[in-house]
Amino acid sequence: MTAALAAAGVVAAAELAVIAVLLAAVARRARNLAVRRGLERAAAPVPAEDPAEEQRLLHEKWAARLEHGFSATALEPLLRTARNQDNPPDHRLQVLETLDAWLQADELAREAAQERDLDVLIVSHFGLPGGNTSANVADITALTAAGLRVGLLHHPVYRWDVAVPLNTKITELVDGEHVVLVGAHDTVRCGLAIVRLPTIMGRLMDDLPRIEAGRTVLIVNQVPFTYYDADGGRRPQWDPRAVHDTVQAWLGDHTWYLVGPEVRRTLERHHGDAIEGIDIADEYWYEIIETAEWRRDARPDGDGRIRIGRHTRDAPLKWPETPEKLLACYPADPAFEVRALGGAATPREMLGELPANWTELPFGSVPAREFLYGLDVFVYFIADDCIEAFGRSPLEAMAAGVPCVMDSRFEALFGDAAVYCAPEDVADTVRALAADPDAYAAQALRALATVEEDFSPAALVRRVARLGAAAPDRP
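Is there a simple way to think about helix α16 (residues 437-454) in this case?
Every α-helix winds through 3.6 residues per turn, so residues three or four apart in the chain are directed the same way. End to end, α16 covers 26 Å across 18 residues, agreeing with the expected 26 Å (1.5 Å per residue, within 8%). Listing the buried residues of α16 in full gives Y440, Q443, A444, A447, L448, T450 and V451. Buried residues of α16, viewed axially, fall in a sector of 160 degrees; they line one side. Those residues of α16 that are exposed and aimed more than 90 degrees away from the buried face are D438, L445 and E453. Of the residues flanking the start of α16, the one acting as N-cap is D436, its side-chain oxygen 3.1 Å from the backbone nitrogen of D438.

Here it is as structure tokens:
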């Protein structure tokens with residue numbers, strides 16, 4: 001009993017001291033936030049078998065949001081938890097310690113704030129493992145190689161895990177001079193602000209730098225729903241009108257750049273009312289790749305089998321949706337060796353077991369370039385309901401000099417850089433291509449020429465220069 005009273009006394013004393021500071025900080029932050037979002041009320045407690053575990057999880061959720069850009073949203077529920085005398089004293093004290101530590105870190109961040117003059121500011125989620133990060137890395141590398149100074153503003157997605165760290169592929173590019181991380185208290189002036197990934201604009205961060213941009217663009221590199229069928233979209237990812245209004249309120253007038261024709265077709269077909277009046281560029285913001293870093297010297301020797309493969313994340317929509325289509329595209333035929341980098345749990349579940357001529361490689365187990373160098377033909381087919389906004393993995397195959405056989409939906413994007421056919425024609429198409437060295441080499445060269453013209457770093461630099469981000473002469 002004495003120990004409990006002593007603990008309660010410690011909490012009371014700490015609360016009196018810390019809460020007063022916190023309340024003043026809330027008022028100050030409300031004045032200083034570049035964009036002020038309304039405070040979110042914590043949800044009513046949900047009955048749980050283990051109340052202590054429930055409290056711990058809630059604390060972790062709000063603490064993560066407090067520390068990763070959503071402080072104005074997280075302060076109120078955390079303060080209410082600390083004030084609630086029905087909560088255990090040790091839990092209240094832990095919450096107060098979290099708040100106090102954040103306040104101290106925030107004050108240090110304010111003192112370290114800088115004024116940054118940049119050519120390009122990229123706002124994106126820099127913690128993702130897949131295509132969004134690959135595209136950002138390629139753009140950053142190309143822009144800095146052209147002499148531009150680039151700032152990176154990490155913007156988590158509120159409904160995801162906001163505490164995911166930056167991908168190491170991104171942090172390796174940050175040198176503090178050509179590529180800088182922009183903090184919440186910085187002031188940024190830039191020729192061009194690029195917002196990549198519309199999902200991040202579903203809820204704007206509370207903690208944002210002051211930004212003065214000559215031009216602002218939103219790169220729409222995904223469609224609003226995960227997939228579409230005859231009845232429309234299923235599983236929403238972002239709302240076009242809400243995203244437009246968020247960017248408009250934050251950065252002002254801006255232009256949407258779509259990453260490919262499939263995104264335009266989907267927006268016009270399924271979201272025509274929502275995009276009415278939005279400034280959407282006729283030009284596409286294609287992803288880019290440096291062929292010099294990917295191109296292989298020659299087609300590898302083999303054992304007589306035709307090595308076909310694909311690399312992408314393992315998800316049902318990323319594979320043909322029926323066993324018949326799957327095996328038409330990736331035959332269970334000993335004349336072929338089928339290699340799948342990224343996992344093959346979906347085909348295994350569909351077929352019961354993988355065919356004997358298949359080789360499954362887990363995601364990240366082999367560098368994509370090394371994987372592509374061992375293929376004769378890259379074969380890429382996905383589910384009918386899947387809307388592939390771009391197609392990074394076939395682009396990498398083209399840059400490596402590996403001919404691609406693909407779903408005809410990609411023809412509007414890649415043109416004659418690939419060979420297109422129906423699933424039932426894949427085997428014959430691949431055989432004909434692999435058996436004719438001249439046709440094989442010609443197709444690889446056509447793909448490389450297309451990549452150089454439309455999907456190269458030079459194409460990106462030309463685009464951003466037209467938007468006002470040309471590198472000035474610097475000493």
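Structure shown, so let's carry the discussion forward.
Sorry if this is basic, but what is going on with the packing of helix α5 (residues 131-145) against helix α17 (residues 457-466) here?
Angle between the axes and distance between the axes: these two values describe a pair of packed helices. Between α5 and α17, the least distance of the axes is 9 Å, while the angle of their chain directions is 70 degrees. With respect to α17, the element α5 is oriented roughly perpendicular. Note on element contacts: α17 touches α5 through P457, L460, V461 and V464, opposite D139, A142 and L143.

I'm lost on the side chain of H311 in this one. Help?
Summarising the element assignment, H311 is placed in strand β9 (residues 306-311). The buried category is assigned to H311, whose relative accessible area is 10%. For H311, the side chain forms a polar contact with the side chain of E396, separated by 3.0 Å. For H311, the residues in contact, after removing those within four places along its chain, are L341, A368, F371, L372, F378, S393 and E396.

Please clarify how the pattern of salt bridges should be interpreted in this entry.
Side chains bearing opposite charge may pair, as long as their charged atoms lie close to each other. Counted according to the given criterion, the structure contains 23 salt bridges. Between E337 and R305 there is a salt bridge whose closest N-O contact spans 3.4 Å. Residue E337 is found in strand β10 (residues 336-341), and its partner R305 is found in the loop between α9 (291-294) and β9; the two are separated by 32 residues along the sequence. E337 gets classed as buried once you look at its relative accessible area, which sits at 11%. With relative accessibility at 31%, the residue R305 sits in the partly exposed group. Of the charged contacts in the structure, one is a salt bridge between K325 and E321, with a shortest N-O distance of 3.1 Å. Judged by its relative accessible area of 27%, K325 is partly exposed.

Help me understand the sheet that holds strand β14 (residues 419-420) in this model?
Across a sheet, strands are paired by hydrogen bonds formed along the backbone, either parallel or antiparallel in direction. Spatial ordering of the open sheet is given by β11-β10-β9-β12-β13-β14, a layout of six strands whose pairing is parallel. Each edge of the open sheet is held by one strand with a lone partner, namely β11 (358-361) and β14. In this sheet, β14 lies alongside strand β13 (residues 404-406) in parallel orientation, the contact comprising two bridges. Each bridged residue has a counterpart across the sheet, and for M406 the counterpart in β14 is Y420.

So what exactly am I meant to see when it comes to the side chain of R264 here?
Within the secondary structure, R264 sits in helix α8 (residues 261-270). Buried within the structure, R264 lacks any salt-bridge partner; its nearest side chain of opposite charge belongs to E268, at an N-O separation of 4.7 Å. At 3.2 Å, the side chain of R264 forms a polar contact with the backbone oxygen of D282. Leaving out residues up to four positions away in the same chain, R264 has contacts with L258, I280, A281, D282, E283 and Y284.

Hey, could you run me through the sheet that holds strand β5 (residues 210-220) in this one?
Here we have six strands laid out as an open sheet, ordered β3-β2-β1-β4-β5-β8, and parallel in their pairing. Two strands in the sheet have a free side with no partner beyond their single neighbour: β3 (179-181) and β8 (255-258). Between one strand axis and the next, the sheet turns by 30 degrees as a mean value, whatever way the strands run. In the sheet, strand β2 (residues 150-154) pairs with β3 via three bridges, with the strands oriented parallel. Looking at β3, one finds that L152 is bridged to L181. On top of the sheet, α5 reaches β1 (115-124), β2, β3 and β4 (187-196); it is set at about 150 degrees to β1, its chief contact.

Here is what the cut-offs are and how they apply
- Residues numbered from 1 in each chain as written.
- Predicted model: local features only at pLDDT ≥ 70, side-chain atom pairs only at ≥ 80, totals over all residues.
- Heavy atoms only, no water.
- Helix = DSSP H or I, 4+ residues; strand = E, 2+ residues; numbered from the N terminus.
- Expected span 1.5 Å × (residues − 1).
- Buried < 20%, exposed > 50% of the residue type's maximum accessible area, 1.4 Å probe, protein only.
- Arc of directions from axis to C-beta.
- Polar contact = N/O pair within 3.5 Å; in protein donor to acceptor, adjacent residues only side chain to side chain.
- Axes fitted to C-alpha atoms, helices over the stretch in contact; angles between N-to-C directions.
- Parallel < 35°, antiparallel > 145°, perpendicular 65-115°, else oblique.
- Contact = heavy atoms within 4.5 Å.
- Salt bridge = Lys/Arg side-chain N within 4 Å of Asp/Glu carboxyl O.
- Pairing = 2+ DSSP bridges.
- Lys, Arg positive; Asp, Glu negative; His and termini not counted.

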